[in-house]
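# An overview of the molecular structure
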Amino acid sequence: MSAADAELSSILNRRQQINDALDNGQSVKPTFKVVNIYTEFHEFSRKEIKDYQATFSKYDVGNDGYLDLAELKIMMEKLGAPQTHLGLKGMIAEVDEDADGKISFREFLLIYRKARAGELISESGLGQLARLTEINVDEVGVGGAKNFFEAKIEQQLRTNKFHDEIRQEQEERRRLEEERVLRRQQFQQRAAVFQ
């Protein structure tokens, strides 16, 4: 049996177990495979994921790899967007795929995926979390946030300038090639006179 056949067989067996359990009125707890964060969240650069990891670790006081209700509460308070107990529970429930009542780092990244996709209400707890951790004003201050946005604008302008420079170089190469071809034709015409 090949690896692909074995994988398909295990998937079909799992599906059959789920169907049998559901037919018998039992609840089925979902299972999740461990995947590489960098490949699963391909929309983020490695640097962005590492920055999100640093933010996550900063508030994971228990160092257990999860943000529980108390840690999330402290995080939101430090970010200046305190939430009610029910609000915090709602935030966790929105991304808690394994229903353990905590946010793993993978689930933490789901917040930013949803924010980028526009799936979060900006004034919701998760919307505020995504917005406020994008630029940590506590660390960089208002001036730092201003510098961040100015740097983003400058980067965009530099990117446009870079593309303009590439286009100019291509046009210059094309012009030089046309001149070379023209000079070669003129030389051949003059050389033809002597033949």
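Residues numbered from 1 in each chain as written. Predicted model: local features only at pLDDT ≥ 70, side-chain atom pairs only at ≥ 80, totals over all residues. Heavy atoms only, no water.

### Regarding the overall build of the protein chain
- Helix and strand counts for the protein chain come out as 8 helices and 2 strands.
- Listing the helices and strands of the protein chain from first to last along the sequence gives α-α-α-β-α-α-β-α-α-α.
- For the protein chain, buried positions account for 23% of its 195 residues. (Helix = DSSP H or I, 4+ residues; strand = E, 2+ residues; numbered from the N terminus. Buried < 20%, exposed > 50% of the residue type's maximum accessible area, 1.4 Å probe, protein only.)

### Regarding the packing of aromatic side chains
- One pass over the full model with this rule turns up 5 aromatic pairs.
- Each ring, one from Tyr52 and one from Tyr112, has its centre 3.9 Å from the other, and the planes form 15°; the classification is stacked. Remark: Tyr112 occurs in helix α6 (residues 105-116) and Tyr52 occurs in helix α3 (residues 46-59); sequence separation between them is 60 residues. Of the two residues examined, Tyr52 and Tyr112, each falls in the buried class.
- Note on Phe56 and Phe105: the rings are 5.5 Å apart at their centroids and 65° apart in plane angle, and the pair reads as edge-to-face. Remark: Phe105 occurs in helix α6 and Phe56 occurs in helix α3; sequence separation between them is 49 residues.
- Residue Phe105 is classed as buried on the basis of its relative accessible area of 11%.
- Grouped by ring-pair contacts, the aromatic residues Tyr52, Phe56, Phe105, Phe108 and Tyr112 constitute a single cluster.
- Geometry around Tyr66 places Lys102 over its ring, the cationic atom sitting 4.3 Å from the centre. (Phe/Tyr/Trp six-rings, centres within 6.5 Å; stacked < 30°, edge-to-face > 60°. Lys NZ or Arg CZ within 6 Å of the ring centre and 35° of its normal.)

### Re helix α4 (residues 69-78)
- Restricting attention to buried positions, one finds in α4 the residues Glu71, Leu72, Met75 and Met76. All buried residues of α4 fall inside an arc of 130° around its axis, so they share one side.
- The N-cap of α4, judged by a side-chain oxygen 3.2 Å from the amide nitrogen of Ala70 a few residues on, is Asp68.
- Positioned one or two residues after α4, Gly80 has a phi angle of 85°, which is positive. (Arc of directions from axis to C-beta. Polar contact = N/O pair within 3.5 Å; in protein donor to acceptor, adjacent residues only side chain to side chain.)

### What to know about the pattern of salt bridges
- The tally for this structure, following the rule as stated, stands at 8 salt bridges.
- Put simply, Arg106 and Glu97 hold a salt bridge, and the shortest N to O gap is 2.6 Å.
- Through salt bridges with shared partners, a single ionic network connects Glu172, Arg175 and Glu179. (Salt bridge = Lys/Arg side-chain N within 4 Å of Asp/Glu carboxyl O.)

### Re the nonpolar core
- Within the largest apolar cluster, 28 residues are counted, with the highest numbers of intra-cluster contacts made by Leu72, Met75, Met76, Phe105, Phe108, Ile111 and Leu129.
- Setting aside residues no more than four positions away along its own chain, Met76 makes contact with Ala81, Pro82, Gln83, Leu88, Met91, Gly125, Gln128 and Leu129. (Core = buried A, V, L, I, M, F, W, Y, C linked by side-chain atoms within 4.5 Å. Contact = heavy atoms within 4.5 Å.)

### Topic: the packing of α3 against α6
- Following both chains from N to C, one finds α3 and α6 inclined at 120°, their axes separated by 10 Å at the closest point. Here α3 lies oblique to α6, going by the angle between them. Here the hand of the crossing between α3 and α6 comes out right-handed. When α3 is examined against α6, the residues Glu48, Ile49, Tyr52, Gln53, Thr55 and Phe56 are found in contact with a partner set consisting of Phe105, Phe108, Leu109, Tyr112 and Arg116.
- Of the residues assigned to the contact of α3 with α6, the class counts are 7 nonpolar, 2 polar and 2 charged. (Axes fitted to C-alpha atoms, helices over the stretch in contact; angles between N-to-C directions. Parallel < 35°, antiparallel > 145°, perpendicular 65-115°, else oblique. Left-handed = near helix turned anticlockwise from the far one by under 90°. Nonpolar A, V, L, I, M, F, W, Y, C, P; charged D, E, K, R; others polar.)

### Topic: unusual backbone geometry
- Positioned with a positive phi, Asn63 is a non-glycine residue whose angle comes to about 50°.
- Its place among the elements puts Asn63 in the loop between α3 and β1 (66-67).
- A residue is classified by how much of its surface remains accessible, and Asn63, at 65% relative accessible area, is exposed.

### Here's the deal with the packing of α4 against helix α5 (residues 85-95)
- It is at 10 Å that the axes of α4 and α5 come closest, and there the two elements cross at 110°. One finds that α4 runs roughly perpendicular with respect to α5. Residue-level inspection shows Leu69, Leu72, Lys73 and Met76 of α4 in contact with α5, the latter providing His85, Leu88, Lys89, Met91 and Ile92.
- Of the residues assigned to the contact of α4 with α5, the class counts are 6 nonpolar, 1 polar and 2 charged.

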